[in-house]
Amino acid sequence: ISEMPIFEHRAYLPLVGFVILLSRLEFFEKNTGAKKIITISALLIFSLVTFFYSRNFKNQTLFWQSAVKTSPNSSRVHRELGNLYVSGKDFEKAELEYKRALEINPRERLVHNNLAVLYKKIGRIDQLEKELKSEIEVDPGSVVANFNLGNLYASRGEYEKAEKYWF
């Protein structure tokens, strides 16, 4: 399952064309008062929407939480919010976001690896190998997951196994 990102800024240029098209309609050509009212109203509406929307960019947490609210079925935004929670040491929320990302897309890259890193931080070592192997199954060429699995085996003294993952 491939997730196609939608970039809202790509809607702005067609919107300009739409406004130009509207301004060329016969009704607006003859009635300059209506043209001014609609133009001022459109500018006011877009300004207010932009002002309120800009609050989502105040900090990373608000940005990714807003992204999850507006795109709840995007595994990527859940993964990124999980990463943010890990960096803030909110491991419980991070695990929930990673698991949600995997519910949405079990083949989302880096989520299993990030879960393994999280589990290492909170001392759930028994789950590291499973998560790293799952990541390598999703993305066999993942340098990070292969390196981490090699490190795990090396830490156990299983050097021959470790070598296989250290390209």
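You'll find the structure just up there.
For the structure given in this document, a descriptive report is provided here. (Residues numbered from 1 in each chain as written. Predicted model: local features only at pLDDT ≥ 70, side-chain atom pairs only at ≥ 80, totals over all residues. Heavy atoms only, no water.)

1. A few points about the environment of Glu108
For clarity, the threshold we go by: We count a stretch as a helix when DSSP gives it H or I for four or more residues in a row; a strand needs E for two or more, and each element gets its number in order from the N terminus. By definition, residues are in contact when any of their heavy atoms lie within 4.5 Å. Each polar contact in these results corresponds to two N or O atoms within 3.5 Å; when the atoms are within protein, one needs to be able to donate a hydrogen and the other to accept it, and residues that are neighboring in sequence are counted only if both atoms are side-chain atoms.
Within the secondary structure, Glu108 sits in the loop between α6 (91-104) and α7 (111-122). Along the backbone, Glu108 and Ser74 are 34 residues apart, and their C-alpha atoms lie at a distance of 10.0 Å. Residues within four places of Glu108 in sequence aside, it is in contact with Ser75, Arg76, Arg79, Glu135 and Val138. Within the local environment of Glu108, its side chain forms a polar contact with the side chain of Ser75, the two groups lying 2.5 Å apart.

2. Notes on the nonpolar core
Rule in force here: Remark: nonpolar core denotes a set of buried residues (Ala, Val, Leu, Ile, Met, Phe, Trp, Tyr, Cys) joined through side-chain atoms within 4.5 Å. Throughout this description, buried means an accessible area under 20% of the type-specific maximum (1.4 Å probe, protein chains only), exposed means over 50%, and partly exposed covers the range between.
The biggest cluster of nonpolar side chains holds 26 residues, and the ones touching the most others in it are Trp64, Leu81, Ala94, Tyr98, Leu115, Leu118 and Leu149. Those elements that place two or more of their residues in this core are α4 (60-70), α5 (75-87), α6, α7, α8 (128-138) and α9 (143-155). Residues in contact with Tyr98, not counting those within four places in the same chain, are Arg79, Gly82, Asn83, Val86, Val111, Asn114, Leu115 and Leu118.

3. Comments concerning unusual backbone geometry
One non-glycine residue, Lys89, lies in positive phi territory at about 60 degrees. Its location among the elements puts Lys89 in the loop between α5 and α6. Overall, the relative accessible area of 65% leaves Lys89 in the exposed class. The backbone of Leu110 shows a phi angle near 75 degrees, a positive value even though the residue is not glycine. For Leu110, a relative accessible area of 34% gives the class partly exposed.

4. Digging into the packing of α7 against α8
Counted only if it meets this: Only the contacting stretch of a helix is used when fitting its axis, a line to C-alpha atoms as for every element, and angles between N-to-C directions run 0 to 180 degrees. Roughly parallel means an angle under 35 degrees; roughly antiparallel, over 145; roughly perpendicular, 65 to 115; everything else is oblique. Take the far helix as your reference; a near helix turned counterclockwise from it by less than a right angle gives a left-handed crossing, and one turned clockwise gives a right-handed crossing. Residue polarity is assigned by list, with Asp, Glu, Lys and Arg as charged and Ala, Val, Leu, Ile, Met, Phe, Trp, Tyr, Cys and Pro as nonpolar; anything else, Gly included, falls into the polar class.
In the contact formed by α7 and α8, the axes pass within 7 Å of each other and the chain directions differ by 165 degrees. In terms of their interaxial angle, α7 and α8 are classed as roughly antiparallel. Relative to α8, α7 is oriented so that their crossing is left-handed. Counted together, Val111, His112, Asn113, Leu115, Ala116, Tyr119 and Lys120 of α7 and Leu128, Glu131, Leu132, Ser134, Glu135 and Val138 of α8 form the full contact between these two elements. Each residue belonging to the contact of α7 with α8 can be placed in one class, and the counts come to 7 nonpolar, 3 polar and 3 charged.

5. Comments concerning the pattern of salt bridges
Under the convention used in this document: The term salt bridge refers to a side-chain nitrogen of Lys or Arg lying within 4 Å of a carboxyl oxygen of Asp or Glu.
Applying the stated criterion to the full structure yields 12 salt bridges. In this structure, Glu95 and Arg124 form a salt bridge, with 3.1 Å as the shortest nitrogen-oxygen distance. Linking Glu95 in helix α6 with Arg124 in the loop between α7 and α8, this pair joins segments that are 29 residues apart in sequence. On the basis of relative accessibility, which here comes to 13%, the residue Glu95 falls in the buried class. Three or more residues joined by partner-sharing salt bridges are found here, namely Glu129, Lys133, Arg156, Glu158 and Lys161.

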